[in-house]
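Listed here are the chains, written in short residue letters.
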Amino acid sequence: MKILSAEVMVTSPDRNFVTLKVITDDGVTGLGDATLNGRELAVASYLRDHIAPLLIGRNPHQIEDTWQYLYRGAYWRRGPVTMAAIAAVDMALWDIKGKVAGLPVYQLLGGAYRVGMLAYGHASGTTYASLSESIHAHLERGFLAVRVQSSVPGIRKLYGVVNHSEPSGVRFGYEPADRGTRPVEEDWDSAAYIRYVPKVFEQVRQEFGAELPLLHDAHHRLTPIEAAKLGQRLEPYDMFWLEDCTPAENQQGLRLVRQHTITPLAIGEVFNAVWDFQQLISEQLIDYVRASATHFGGITPLRKVMDFAALYQIRSGFHGPTDVSPVGLAAQLHVGLAIHNFGIQEYMEHSDATNTVFRQNMTFRNGLMHPGEAPGLGVELDEELAANFPYQAAYLPVTRLHDGSMHDW
Ligand code: CS2
Ligand code: MG
């Protein structure tokens, strides 16, 4: 079996997606997600101009060899663009291998280890009343775990909060990237945020009780000691996790957080190689691995990092926002179904338009997700429909402090 062609498709039903389609000489097709929010065309070019020509004639069954060939062969290693491109190739080859075997990819990873995967949705509100309404809507939708994000008085526009008076293209969530030629500028105030957020969780616990798993995303905004303070102040509300509490390039900064709080920590959605996790895992500085197949080099390294994490009883919390396509979401569901140390799966539902362009077999029932039983990844791209949604420039926001200096978004 040989690879005959490798084609990159960029489509934008509500948001931009980059998809790699690999076709073999037997006519078997494999898909891979290469979506990098706000930098999509960089990955499309990396794939189209530098990787696709190298794939032609290769044996698609040699997944590990292809992965190492593209990782080591580039000389310039790691980074979000390179690893999203390699991820798409890796996913497409697993898709092909599953289709040739007539098996869903999870069967090739050791079979189903659970009946389904606990998923969490994104509740948010600009007021407590709208936040409460959003949590109720998620519980009625069947979610058994909820991420809670709230506006903060004094901060104009905040990450992760849907203004429910605005029609959102996404049923249960928001689209972080804004279409346009410039990033939207948002503001930030760490002190106001740390004072306010614990009060939100006190109200949520009062209304929804002690059992509901609650998650919160600090989105890389705090210094380690600020993160420690927030972690401590959230302890009475028994969080499932506090996510991205501090930028983790400085992995040792998490030692400071860990010294001061028992709130579980989740990190890694912006990571793209196992080395990014090495100290966090080996020193037990986190509790959940937030990688996604799409940004971490694909199914192959995602499985490897989870086997490493299992040595330290660290579990998965794979990143499943709207800017991981249904192909990328399916890829990580296959991994999550098969591994021992699954934790929770993020499920920020895609829009109806996206779910029409990407036909899929994934299910979300009784709070659990399942990749489905179709051979391969179980997602097909309607290319005719996809062609109706050409790329549109879009950027993630940037954040400035009140003195005008840049902060982390
Ligand atoms: C967020 C993401 O889902 C999450 O936890 O951090 O929505 C993130 O903001 C986007 O993936 C950025 O493109
Ligand atoms: Mg996050």
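Asker: I keep staring at the overall build of the protein chain and nothing clicks. Help me out?
Answerer: The secondary structure content of the protein chain amounts to 13 helices and 20 strands. Relative to the globule expectation of 22 Å for 409 residues, the C-alpha radius of gyration of the protein chain, 20 Å, shows essentially globular dimensions. Taking the principal axes of its C-alpha atoms as reference, the protein chain extends roughly 60 × 45 × 40 Å. For the protein chain, the residues scored as buried account for 57% of the 409 residues in total. The positive charge centre, built from 34 side chains, and the negative charge centre, built from 46, are 3 Å apart in the protein chain.

Asker: Sorry, what's going on with the sheet that holds strand S2 (residues 17–24) here?
Answerer: Adjacent strands of a sheet form backbone hydrogen bonds with each other and so pair up, either parallel or antiparallel. Here 3 strands make up an open sheet; going across it, the order is S1-S2-S3 and the pairing antiparallel. Strands with a single pairing partner mark the edges of an open sheet, and in this sheet they are strand S1 (3–11) and strand S3 (29–33). In this sheet, neighbouring strand axes are inclined to one another by 20° on average, regardless of whether the strands run parallel or antiparallel. Bridge analysis of S1 against S2 gives 8 bridges, and the strand direction is antiparallel.

Asker: Just to check I follow, could you spell out the pattern of salt bridges for this structure?
Answerer: Pairing of side chains with opposite charge becomes possible as their charged atoms draw close. All chains considered together, the criterion is met by 20 salt bridges. Across the pair glutamate 383 and lysine 21 runs a salt bridge whose closest N-O atoms are separated by 2.6 Å. With glutamate 383 in helix H13 (residues 383–386) and lysine 21 in strand S2, this residue pair connects regions lying 362 residues apart in the sequence. Judged by its relative accessible area of 33%, glutamate 383 is partly exposed. Among the residues examined, lysine 21 registers a relative accessible area of 10% and is labelled buried. A salt bridge links aspartate 65 to arginine 58; the shortest N-O distance between them is 2.4 Å. By relative accessible area, which is 14% here, arginine 58 ends up buried. Among the charged side chains, a network of salt bridges with common partners joins Glu243, Glu269, Arg290 and Glu346.

Asker: So what exactly am I meant to see when it comes to the coordination of the magnesium ion (ligand 2) here?
Answerer: Expected angles at a metal are 109.5 degrees for tetrahedral coordination by four donors and either 90 or 180 degrees for octahedral coordination by six donors. Every protein donor of the magnesium ion (ligand 2) is accounted for by Asp217 (OD), Glu243 (OE) and Glu269 (OE), and the metal-donor separations fall at 2.0 to 2.2 Å. Residue glutamate 243 is classed as buried on the basis of its relative accessible area of 0%.

Asker: It is not clear to me how the nonpolar core should be interpreted in this structure. Could you clarify?
Answerer: Most often, soluble globular proteins have nonpolar side chains that are buried together. In terms of nonpolar packing, the biggest core is built from 113 residues, with Leu47, Tyr193, Phe277 and Val289 touching the most fellow members. Among the elements that line this core, the one with the most residues is helix H3 (residues 80–101), at 12 residues. Excluding residues that lie within four positions of it along the chain, tyrosine 193 makes contacts with Val152, Ile155, Trp188, Pro198, His216, Asp217, Ala218, Leu222 and Leu230. Core analysis: the next-biggest nonpolar cluster, separate from the first, contains 8 residues, Tyr120, Ala145, Leu215 and Trp241 among them.

Asker: Explain the packing of aromatic side chains to me, please; I cannot follow it from the model alone.
Answerer: The way to describe two aromatic rings as a pair is by their centre distance and the angle between their planes. Tallied over the full model, the rule gives 15 aromatic pairs. Residues tyrosine 120 and tryptophan 241 carry aromatic rings whose centres are separated by 5.5 Å and whose planes lie at 80° to one another, so their mutual orientation is edge-to-face. With tyrosine 120 in strand S4 (residues 117–125) and tryptophan 241 in strand S9 (residues 241–243), this residue pair connects regions lying 121 residues apart in the sequence. On the basis of relative accessibility, which here comes to 0%, the residue tyrosine 120 falls in the buried class. Owing to a relative accessible area of 0%, tryptophan 241 belongs among the buried residues under this scheme.

Asker: Please explain unusual backbone geometry as it appears in this structure.
Answerer: Most peptide bonds take the trans configuration, and most residues that are not glycine carry a negative phi. Positive phi values are uncommon outside glycine, yet aspartate 14 reaches one of about 75°. Tracing the backbone shows aspartate 14 in the loop between S1 and S2. Assessed through its relative accessible area of 37%, aspartate 14 is described here as partly exposed. The phi dihedral of arginine 78 falls on the positive side, at around 65°, and the residue is not glycine. By the secondary structure assignment, arginine 78 is in the loop between helix H2 (63–73) and H3.

The rules we used
Residues numbered from 1 in each chain as written. Chains lettered and ligands numbered in written order. Predicted model: local features only at pLDDT ≥ 70, side-chain atom pairs only at ≥ 80, totals over all residues. Heavy atoms only, no water. Helix = DSSP H or I, 4+ residues; strand = E, 2+ residues; numbered from the N terminus. Rg over C-alpha atoms; globule rule 2.2 N^0.38 Å. Buried < 20%, exposed > 50% of the residue type's maximum accessible area, 1.4 Å probe, protein only. Lys, Arg positive; Asp, Glu negative; His and termini not counted. Charge placed at Lys NZ, Arg CZ, Asp CG, Glu CD. Pairing = 2+ DSSP bridges. Axes fitted to C-alpha atoms, helices over the stretch in contact; angles between N-to-C directions. Salt bridge = Lys/Arg side-chain N within 4 Å of Asp/Glu carboxyl O. Donors = N, O, S within 2.8 Å, 3.2 Å for Na, K, Ca; no water. Core = buried A, V, L, I, M, F, W, Y, C linked by side-chain atoms within 4.5 Å. Contact = heavy atoms within 4.5 Å. Phe/Tyr/Trp six-rings, centres within 6.5 Å; stacked < 30°, edge-to-face > 60°.

No statement about biological role is implied by the geometric values presented.
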